[in-house]
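Single-letter residue listing:
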Amino acid sequence: MNYELNNIPVRTEKPRTKGFTMAMDKGLSLRATEDFVESCSDFVDIVKLGWATSYVTKNLNEKLAIYKEAGIPVYLGGTLFEAFIVRGQFDDYRKVLDKYDLTFAEVSDGSISLNHDKKCEYIATLAKQVTVLSEVGSKDAAKIIPPYKWIEQMRTELDAGAWKVIGEAREGGNVGLFRDSGEVRQGLVEEILTQIPEERIIWEAPIKSQQVWFIKLIGANVNLGNISPSEVIPLETIRLGLRGDTFDHFLGEIKL
Amino acid sequence: MNYELNNIPVRTEKPRTKGFTMAMDKGLSLRATEDFVESCSDFVDIVKLGWATSYVTKNLNEKLAIYKEAGIPVYLGGTLFEAFIVRGQFDDYRKVLDKYDLTFAEVSDGSISLNHDKKCEYIATLAKQVTVLSEVGSKDAAKIIPPYKWIEQMRTELDAGAWKVIGEAREGGNVGLFRDSGEVRQGLVEEILTQIPEERIIWEAPIKSQQVWFIKLIGANVNLGNISPSEVIPLETIRLGLRGDTFDHFLGEIKL
Amino acid sequence: MNYELNNIPVRTEKPRTKGFTMAMDKGLSLRATEDFVESCSDFVDIVKLGWATSYVTKNLNEKLAIYKEAGIPVYLGGTLFEAFIVRGQFDDYRKVLDKYDLTFAEVSDGSISLNHDKKCEYIATLAKQVTVLSEVGSKDAAKIIPPYKWIEQMRTELDAGAWKVIGEAREGGNVGLFRDSGEVRQGLVEEILTQIPEERIIWEAPIKSQQVWFIKLIGANVNLGNISPSEVIPLETIRLGLRGDTFDHFLGEIKL
């Protein structure tokens, strides 16, 4: 850090399994990707090329090379996996992972109906090829999954070979873990945490109030995802108690 | 595209008259303009320098040269036209178009009261100099224009020489075609479409839910405008049914 | 400006004490900083590195050099000052100002409880080292400070040596001067203006409707702060009556 401040929460360091930040790139230009890496590489553990943006991204190989050079793994959004599955093109999807030399993949069912055993089979199959992130939760705000089912799905997906499970929120932070308004479904999160180790979960939390809520509940080193590139540095300060929102939270005994 | 997916909607190709994306540049730096062109030129058909931002833009010639080199025409926002008109400086406006070697211009009356015959005269005069886009709709949320008047104005403006007509929404997407809340005035749009050919209309739709609504109504190749540079790639995926919002819409008969 | 328009409000020129724009950099990369300076340096009078983002900013010296080269002074957000104060590290804070050769500093108490005499002492002490901006208003939406206290604090802070006082709003524009909804606390602002010279105040106004409100009340040359880099050019057009929001306001006698 640039100067000394006492009593700052201790952050994990890369490679992190806790205190992990997953950023979402939804179409950065090559130069903007370089800029992102220049300013944020210490704070970003993995990048998702949001949903199926990789399909239309120009100079995709060059973009992937920039992230690789910076030591940041990249994966393609779960919606792309689903787009291949719904078309019966799973083998083609696996070839795409190979073609771009990807080491991570997401398995999700946010936009499709997928038998859960079948989903776990995809996880198991892909886990032989890459590190798998699996996602629980629907992109359809009307589909409310009860907490016991979130837990059951998370557990079986981890058992099937997922490295971590992701709690769905979309770019907008208004489905899955959250209500339409962006408010956290607190009871859901707390119940999940009684059963699933928190280091195995990445919480999608694109909105500041959501990030603050998770940091207050779980600590500076909670795993958070769907962070916009421009919000990575702000998030880091929230983790460290250096923004108004968590300023008091980490002060503990310090008094004026 | 970067890999093969079956059953993707067929997009028109440049130069497009349908499936047209108009992006709004409200002050990109030169390098950001280059980056925008690098990553998005296939998907952007025309760029508007929003309202009168061109008045204060530094290195305007250099910016215009970047777009020209990329084959993307540029026009100055309608508010600038109105700023000249309200000051009695129409001839000066025409000289500005010449000075910057512009091939498109917008005629609008979103911020001024302009007799409609007079508006059509401006369209006819400018149509001898450049390709004219004319805009219908007020920037004043309180001024509700009934559907029959939208249609009458659109028709007479096209007759006067406008290449396409634009449905007003502003950068915020909260006037004209939309309610304060951003919700589409659906009856208005549907009534317009009974009378005006959809390829002659550009719908300003800066908000994702608005883009989704138009794509579901009219199809992948609807003309949309006021798209933020950072939303051009996301929009392209929505057009292709590759984002959650339109994922189901284009699947048709495909089943798991 | 790029072309001639009659009857445009006269803007002050740099170095400005009125008509001042304070922009907030919350983590721009080096190249984005260069781009910001390239496109906006005429319109930005001072840059704040938001809250404590400077703690985690990479290449901080290089960033400061870019702003220095452009003649734009930089200061560190008030939350950073408070982070040092709450830890009893005021001397360390002063050393940070020296280490980075900063000529401005902010004194605030938005996140801490600070006896007001003590706050004025900090202002007086720092005023011997740098130019001080002091901020009035809490970051806690629940802490409503009555107008007479805003005035009393602003006056005593100016008397203690502050160059200008800042009205708090945060990045979100939803505390201090504004209600939760972002709406201006109009009575508060008007009462402050009966007692404190407007050129001594910088109004944080990150949201467009807030900028418009202040420009309509005070004029093109009101001092505004917490402007996002991407909104500096749009703000400049609002000041000049060249965006729909203030288009009518400055027209005066001009008629079609």
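Predicted model only: the values in this text are computed from it and were never measured. (Residues numbered from 1 in each chain as written. Chains lettered and ligands numbered in written order. Predicted model: local features only at pLDDT ≥ 70, side-chain atom pairs only at ≥ 80, totals over all residues. Heavy atoms only, no water.)

Q: Explain the relation of the copies chain B and chain C to me, please; I cannot follow it from the model alone.
A: Here the second copy of the chain follows from the first by a rotation about an axis and a shift along it. For the pair chain B and chain C, the best superposition has an RMSD of 0.0 Å and corresponds to a rotation of 120° with a translation of 0.0 Å parallel to the axis. Accordingly, the operation relating the two chain copies is best matched by a three-fold axis. Residues of chain B ranked by C-alpha distance from the rotation axis are headed by Ala32(B), positioned 4.9 Å from it. Residue by residue, only 3% of the interface of chain B is reproduced at the interface of chain C, so the copies engage with different surfaces. (Least-squares fit on C-alpha atoms with pLDDT ≥ 70 in both. Contact = heavy atoms within 4.5 Å.)

Q: Where do I start with the nonpolar core in this structure?
A: Within the largest apolar cluster, 237 residues are counted, with the highest numbers of intra-cluster contacts made by Phe214(A), Phe214(B) and Phe214(C). The residues contacting Phe214(C), other than those within four sequence positions of it, are Leu177(C), Phe178(C), Val189(C), Trp203(C), Ala205(C), Gly219(C), Val222(C) and Leu224(C). (Core = buried A, V, L, I, M, F, W, Y, C linked by side-chain atoms within 4.5 Å. Buried < 20%, exposed > 50% of the residue type's maximum accessible area, 1.4 Å probe, protein only.)

Q: Is there a simple way to think about the pairing of strand S1 (residues 21–25) of chain B in this case?
A: A regular strand places its side chains on the two faces of the sheet in alternate fashion. Residues and elements named next belong to chain B. Of all 5 residues in S1, 5 are buried; the element is thus mostly enclosed. Neither face of S1 is left uncovered, since the one carrying Thr21, Ala23 and Asp25 and the one carrying Met22 and Met24 both have all their residues buried. Bridge count for S1 against strand S2 (residues 46–49) is 4 bridges, and the pairing is parallel. From the neighbouring strand, Asp25 faces S2, where its bridge partner is Leu49. (Helix = DSSP H or I, 4+ residues; strand = E, 2+ residues; numbered from the N terminus. Pairing = 2+ DSSP bridges.)

Q: Explanation requested: the interface of chain B and chain C in the structure shown.
A: Interface extent is often summarised as the accessible area lost during association of the parts. Listed as interface residues are 35 residues of chain B and, on the opposing side, 34 residues of chain C. Buried area between chain B and chain C, summed over both chains or domains, comes out near 3100 Å², and the portion from carbon and sulfur atoms is 56%. Taken together, chain B and chain C are joined by 5 salt bridges. One salt bridge in this structure joins Arg31(B) and Asp35(C), with 3.0 Å as the shortest N-O distance. Joining chain B to chain C, the criterion identifies 20 residue pairs in polar contact (both at pLDDT 80 or more). It is helix H3 (residues 78–86) of chain B that contributes the most residues to the side of chain B that touches chain C, 7 residues altogether. Looking at side-chain class alone, the side of chain B that touches chain C contains 16 nonpolar, 10 polar and 9 charged residues. (Buried area = accessible area lost by both parts, 1.4 Å probe. Salt bridge = Lys/Arg side-chain N within 4 Å of Asp/Glu carboxyl O. Polar contact = N/O pair within 3.5 Å; in protein donor to acceptor, adjacent residues only side chain to side chain. Nonpolar A, V, L, I, M, F, W, Y, C, P; charged D, E, K, R; others polar.)

Q: Just checking my understanding: could you explain the interface of chain C and chain A for this structure?
A: Opposite the 35 residues of chain C that make contact, chain A presents 34 residues. Summing both partners gives a buried area of about 3100 Å² for chain C against chain A, and 56% of it is carried by carbon and sulfur. By the criterion of area lost to chain A, the three top residues of chain C are Tyr55(C), Val56(C) and Arg87(C), representing 26% of everything that side buries. Joining chain C to chain A, the criterion identifies 5 salt bridges. Linking chain C with chain A are 20 residue pairs in polar contact (both at pLDDT 80 or more), by the criterion used here. Looking at the side of chain C that touches chain A, the elements that each hand over two or more residues are helix H1 (30–40), helix H3 (78–86) and helix H4 (90–99) of chain C. Ranked by residue count, the leading element in the side of chain C that touches chain A is H3(C), at 7 residues.

Q: Could you clarify how one ought to interpret the packing of helix H6 (residues 147–160) of chain A against helix H7 (residues 186–193) of chain A in this entry?
A: Angle between the axes and distance between the axes are the two parameters that describe a pair of packed helices. All names here are of chain A. Closest axis-to-axis distance for the H6/H7 pair is 9 Å, and the angle between their directions is 40°. Considering their axes alone, H6 and H7 lie oblique with respect to each other. You can see that H6 and H7 cross each other, and the crossing is right-handed. Residue-level contacts link Pro147, Tyr148, Trp150, Ile151 and Met154 of H6 to Leu188, Glu191 and Ile192 of H7. Here the residues of the contact of H6 with H7 sort into 7 nonpolar, no polar and 1 charged. (Axes fitted to C-alpha atoms, helices over the stretch in contact; angles between N-to-C directions. Parallel < 35°, antiparallel > 145°, perpendicular 65-115°, else oblique. Left-handed = near helix turned anticlockwise from the far one by under 90°.)

Q: Please clarify how helix H2 (residues 60–69) of chain A should be interpreted in this entry.
A: Think of an α-helix as 3.6 residues a turn; residues three or four steps apart then line up on the same face. Residue and element names in this part refer to chain A. Inspection of H2 places Leu60, Lys63, Leu64, Ile66 and Tyr67 among the buried residues, and these make up the whole buried set. Down the axis of H2, the smallest arc covering the buried residues is 155°, so these residues share one side. In this structure, H2 carries Asn61, Lys68 and Glu69 as exposed residues pointing more than 90 degrees from its buried face. Those residues of H2 that are buried are in contact with strand S1 (21–25), helix H1 (30–40), strand S2 (46–49) and strand S3 (74–76). Just downstream of H2, Gly71 is the residue with a positive phi angle, here 75°. (Arc of directions from axis to C-beta.)

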